[in-house]
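# Overview (structure and organization)
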Amino acid sequence: MGKPEEDGAPVTAPCDVADEVARLRRTFGSGRTRSLPWRREQLEGLLRLLDEREPELAVAIEQDLGRNAIGSFMGDIAPVRSEIRHTLKNLEKWARPRKVRVPVTQQPGVAREIPEPKGTVLVIGAWNFPILLTLHPLVSAIAAGNTVLLKPSELSPHVAAALATLLPLYLDPSAVAVVTGGVDVSTQVLAERFDHIFFTGSTRVGQVVLEAAAKHLTPVTLELGGKSPVIVTADADLDVAARRIAWGKCVNNGQACIAPDYVLVEDSVRPQFVERLLTRLQESAKAEPTRMVNEAHFDRVVGLLDGHGGDVVGGTHDRATLKIAGTVVTDPDPDSPVMQEEIFGPVLPVMSVPSLADAVAFVNDRPKPLALYVFSNSGRSVDTVVSSTSSGSVGVNQVLYQMLVPELPFGGVGESGMGSYHGRKGFDTFSHLKAVLHKPTVIDLALTYPPYGPIASRILRRVMG
Ligand code: NAD
């Protein structure tokens, strides 16, 4: 690990990056990480780290984001712990060769997909849930038997420093390494060859990652962001909808990739819905201890409150504390920045639409979202939304919670990302499923070899058909 920065967060010296990757490759080459007991030991070590060091991690998150201990437990620690437990329970099953049906033309024979680790992989995390977005993919990467280089975000420097210090104490340090620093270190890291890159962050940087990966033909998973819409139909339970949407918007002060970004509500219930939403949003924002991560993000979100042509309710903000009150922007211009950019803050635009069909058309006119939410008491309306839109995930009458179901794949589609993880999907993401066909030698039909006479040709045509 390199020299400490002014604020105490370490930065990996550029020349260390290549050394670290070479070291991880040597460990992978030793074959040690392929053994299931080794993988279990690492996962148990990670669980122990979370159990024993939760207070330190919570302090680091508080320093970086202002979040309190219970918020960090719920948003970062608990989901990683539950992923580790779920993985430990299923590891043998996931790692087992998977039998595949063999067609009659290839009988006798046994076909299997054998999961094998990809090798040395890179995980680049974002700052908004700095433990979750680094350790959750790490669980899958280790479970699949890889060696891992972890690059936490420089915007959560205390967590990055804590991970760099703690991970080597609980995990095999020759198999899992942490590099810290900003764009320059990321750029150094991305110049190296990996066997998989798992990136969480913005769509813009996702493009940078994909370009770098292309140079080495490295497969990537891109967990990106974008605008996640909420559709509220006229028959929705408006009280519950307002409460849940407001809560989901304020978790981590709106700095969540699957936070509701804007609401499309049917005209007929707009006034009742907006009234309830305002009350709930202000309550939720007040109860949320988190602040904007830094001045640049604070200024960006405050900047979105101008130039949209709609009405703003709320919107008070204080640069000294980096706090922005829960804010509703009604009927903004769809071409204005607040309706074009991912908000990533406690500001919620609400647009009214004449019908569900208009809401669906609005969503389909824009990039495919990471998450899409629909609040409705009509099964038919819900089915319409699910079947006629495309998004990474859908939440019906709830927000955010889809990511806590271990076997639901988590990932985007189109501009919101590619690939997914969580549970078995995560294990498979970090595995190569090798196709193996095993043929016995006792039967070796002559007719399968050339020259193919008329009888053999007839049989082959009929059977292979
Ligand atoms: P970001 O793209 O700015 O940074 C993410 C990571 O990329 C950081 O580790 C950073 O050091 C690195 N990075 C930044 N610029 C780089 C460059 N030019 N070259 C190489 N690496 C670079 O994203 P962020 O601000 O940390 O996170 C916010 C974004 O992430 C939002 O768009 C949000 O929706 C998205 N996000 C997505 C998920 C998800 O699971 N899909 C989760 C959280 C956040």
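The structure contained in this document is the topic of the report that follows. Sequence order sets the numbering: in each chain, residues are counted from 1 along the sequence as written. With the structure being a predicted model, the display of local features is reserved for residues of pLDDT at least 70 and the display and counting of side-chain atom pairs for 80 or more, all residues being used for whole-chain, interface and lining totals. Where side-chain values are given, they derive from all heavy atoms of the structure, hydrogens and water being excluded.

On to the site of the ligand, then. By convention in these notes, a residue is near a molecule or strand provided one of its non-hydrogen atoms lies within 4 Å of it. Near the ligand lie 26 residues; those nearest to it are W127, E154, S202, L224 and E342. Residues adjacent in sequence count toward polar contacts only when both atoms are side-chain atoms; beyond that, a polar contact is any pair of N or O atoms within 3.5 Å, and within protein one must be able to donate a hydrogen and the other to accept it. A distance of 2.5 Å separates an oxygen atom of the ligand from a polar side-chain atom of E154. E223 is positioned such that a nitrogen or oxygen atom in its backbone is 3.4 Å from a nitrogen atom of the ligand. Values of accessible area rely on a 1.4 Å probe in the Shrake-Rupley scheme; residue burial ignores everything except the protein chains shown. If the ligand stood free it would expose 850 Å²; the protein chains cover 91% of that surface. Secondary structure elements are taken from DSSP: a helix is a run of H or I of four residues or more, a strand is a run of E of two residues or more, and numbering for both begins at the N terminus. Elements supplying a minimum of two residues to the shell around the ligand: helix 6 (183-191), strand 6 (196-200) and helix 7 (203-216). When residues in the shell around the ligand are grouped by element, the largest group, 3 residues, is from helix 6. The residue classification treats Ala, Val, Leu, Ile, Met, Phe, Trp, Tyr, Cys and Pro as nonpolar and Asp, Glu, Lys and Arg as charged. All others, Gly included, are polar. Split by residue class, the shell around the ligand holds 14 nonpolar, 8 polar and 4 charged.

This part takes up the packing of aromatic side chains. Stacked, tilted and edge-to-face pairs are distinguished by plane angle, under 30 degrees for stacked and over 60 for edge-to-face with tilted covering the rest, among Phe, Tyr and Trp rings (Trp via its six-membered ring) whose centres lie within 6.5 Å. By the definition in use, this model includes 7 aromatic pairs. Seen from their ring centres, Y262 and F362 are 5.8 Å apart, and the 65 degrees between their planes marks the pair as edge-to-face. One end of the pair, Y262, is in strand 9 (residues 262-266); the other, F362, is in helix 12 (residues 356-364), with 100 residues separating them in the sequence. In this structure, Y262 and F362 share a single accessibility class: buried. With a centroid separation of 6.1 Å and an interplanar angle of 70 degrees, the aromatic rings of F410 and Y421 are classed as edge-to-face. Of this pair, F410 sits in the loop between strand 16 (393-396) and strand 17 (417-418) while Y421 sits in the loop between strand 17 and helix 14 (423-429), placing them 11 residues apart in sequence. Whether a residue is buried, partly exposed or exposed follows from its accessible area with a 1.4 Å probe, protein chains only, as a fraction of its type maximum: under 20%, in between, or over 50%, in that order. The class for Y421 is buried, based on a relative accessible area of 2%. Pairwise contacts between aromatic rings join F198, F410, Y421 and F430 into one cluster.

Purely geometric numbers; function is a separate question.
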